[in-house]
Amino acid sequence: MSPNAGSRTDTKESTLARLFGSGSAGIAELAVFHPVDTIAKRLMSNQSKVLQRIYKYGGQPFMRDYLTKNYGTGFEATFGKKTGKAMIASCAGSLIGIGEIILLPLDVLKIKRQTNPEAFRGRGVVRIVKDEGFGLYRGWQWTAARNAPGSFALFGGSAFTKGYVFGLSDYNKASWYQNFIASIAGASASLLVSAPLDVIKTRIQNRNFENPEAGFKI
């Protein structure tokens, strides 16, 4: 399908700007929230990592561009121009969120290091990767189940706020204040949707390597 007409007038970020921006956001988030994140993981657990942020926030615009180019007309015909654009952003976020499974071993190691350090028992990261192999992907189904709706709500909440609250047709022209408010809306929506599954996912990941437990039992 051809792209919808409205998308051609949008300002498009360069690849370098996308990667640099997402990396900077990840570093800033890590610096501010890492102490709180560690405490949260010892109580229940959550996640935050620069590489994940680069992947998610840097990858979503590329997926959004792909969907706009190939399916933009269909989204616009189904949902209307304004809602269709927001739905593209939401679906792009959801697909990127599912793909985040490839980074799951890094997340597992970080969570175990923060909440269950005895699981390492003197072993280094390389040795653990060699010993555990695909066991580091334990809980991937719950990660996908969490990330799909969570990332949909994250990017969708931001897009709907920019489109309907601030009346923007080009999201890239949002001011700092508008981006700030839209980000809060998206993060809040994502938290409401994904928090229960996030608890299950993290409790699976912070258990000892030799003591796995199914998510339904948790």
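None of these values were measured; they are calculated from a predicted model.

Conventions we followed
- Residues numbered from 1 in each chain as written.
- Predicted model: local features only at pLDDT ≥ 70, side-chain atom pairs only at ≥ 80, totals over all residues.
- Heavy atoms only, no water.
- Helix = DSSP H or I, 4+ residues; strand = E, 2+ residues; numbered from the N terminus.
- Buried < 20%, exposed > 50% of the residue type's maximum accessible area, 1.4 Å probe, protein only.
- Contact = heavy atoms within 4.5 Å.
- Salt bridge = Lys/Arg side-chain N within 4 Å of Asp/Glu carboxyl O.
- Core = buried A, V, L, I, M, F, W, Y, C linked by side-chain atoms within 4.5 Å.
- Phe/Tyr/Trp six-rings, centres within 6.5 Å; stacked < 30°, edge-to-face > 60°.
- Lys NZ or Arg CZ within 6 Å of the ring centre and 35° of its normal.
- pLDDT = per-residue confidence, 0-100.
- Expected span 1.5 Å × (residues − 1).
- Bend = angle between axes of the 7 residues up to and from the residue.

1. Section: the overall build of the protein chain
Phase 1 of the analysis: In terms of helices and strands, the protein chain carries seven helices and zero strands.
Phase 2 of the analysis: Reading the protein chain from its N terminus to its C terminus gives the helix and strand order α-α-α-α-α-α-α.
Phase 3 of the analysis: Split into buried and exposed, the 218 residues of the protein chain put 43% on the buried side.
Phase 4 of the analysis: Considering only residue pairs separated by 6 or more positions, the protein chain has 81% of its internal contacts joining residues 24 or more positions apart.

2. Looking at the pattern of salt bridges
Phase 1 of the analysis: Scanning all chains against the criterion turns up two salt bridges.
Phase 2 of the analysis: Close ionic contact of Glu-100 with Lys-56 constitutes a salt bridge, the shortest N to O distance being 3.6 Å. Here Glu-100, found in the loop between helix 3 (81-99) and helix 4 (104-115), pairs with Lys-56, found in helix 2 (residues 50-79); they are 44 residues apart in sequence, far enough to count as distant.
Phase 3 of the analysis: In this structure, Arg-64 engages Asp-65 in a salt bridge whose closest nitrogen and oxygen atoms are separated by 3.8 Å.
Phase 4 of the analysis: Given the relative accessible area of 23%, Asp-65 is considered partly exposed.

3. Here's the deal with the nonpolar core
Phase 1 of the analysis: Leu-67, Phe-75, Met-87, Ile-88 and Ala-92 form the largest nonpolar core, which has five residues in total.
Phase 2 of the analysis: Where this core is concerned, the elements lending two or more residues are helix 2 and helix 3.
Phase 3 of the analysis: Among the elements that line this core, the one with the most residues is helix 3, at three residues.
Phase 4 of the analysis: Not counting the four nearest positions on each side in its chain, Ala-92 is found in contact with Gln-60, Met-63, Arg-64 and Leu-67.

4. Notes on the packing of aromatic side chains
Phase 1 of the analysis: In this structure the tally under the stated criterion is six aromatic pairs.
Phase 2 of the analysis: Residues Trp-176 and Phe-180 carry aromatic rings whose centres are separated by 5.3 Å and whose planes lie at 5° to one another, so their mutual orientation is stacked. In this pair, Trp-176 and Phe-180 both sit in helix 7 (residues 176-205), four residues apart, roughly one turn of the helix.
Phase 3 of the analysis: Taking the ring centre of Tyr-164 as reference, the NZ or CZ of Lys-82 above it sits at 5.0 Å.
Phase 4 of the analysis: If you follow Lys-85 out to its NZ or CZ, it ends over the ring of Tyr-171, 4.7 Å from the centre.

5. A word on the confidence of the model for the protein chain
Phase 1 of the analysis: Looking at the protein chain as a whole, its pLDDT mean stands at 77, while 60% of the residues score no less than 70.
Phase 2 of the analysis: Mean pLDDT across the elements of the protein chain ranges from a minimum in helix 1 (residues 15-43), with 60, to a maximum in helix 3, with 95.
Phase 3 of the analysis: Segment residues 1-8: pLDDT under 50, and 19 contacts once partners within four positions in sequence are set aside and those in other chains are kept.
Phase 4 of the analysis: Taken together, the stretch residues 40-48 has pLDDT below 50 and engages in 37 contacts with residues farther than four places along the chain or on a different chain.

6. Some remarks on helix 2
At 3.6 residues per turn, the α-helix brings residues three or four places apart onto the same side.
Phase 1 of the analysis: For helix 2, with 30 residues, the first-to-last C-alpha span of 34 Å runs short of the 44 Å given by 1.5 Å per residue.
Phase 2 of the analysis: Tyr-71 marks where helix 2 bends most, by close to 80°.
Phase 3 of the analysis: Count one or two residues on from helix 2 and you reach Gly-80, which has phi positive near 95°.

7. A look at the environment of Gln-141
Phase 1 of the analysis: Locating Gln-141 in the fold gives a position in helix 6 (residues 140-165).
Phase 2 of the analysis: As a C-alpha pair, Gln-141 and Ile-98 span 43 residues in sequence and 9.6 Å in three-dimensional space.

8. Section: helix 3
Phase 1 of the analysis: Its 19 residues give helix 3 an end-to-end C-alpha distance of 27 Å, which sits within 8% of 27 Å, the value for a rise of 1.5 Å per residue.
Phase 2 of the analysis: Within helix 3, burial applies to Thr-83, Gly-84, Ala-86, Met-87, Ile-88, Ala-89, Ser-90, Ala-92, Gly-93, Ser-94, Ile-96 and Gly-97.
Phase 3 of the analysis: For helix 3, the secondary structure elements touched by its buried residues are helix 2 and helix 6.

9. Section: the environment of Ile-88
Phase 1 of the analysis: Mapped onto the elements, Ile-88 comes out in helix 3.
Phase 2 of the analysis: Take Ile-88: its relative accessible area is 2%, and that puts it in the buried class.
Phase 3 of the analysis: Along the chain, Ile-88 and Thr-68 lie 20 residues apart, while their C-alpha atoms are 6.9 Å from each other.

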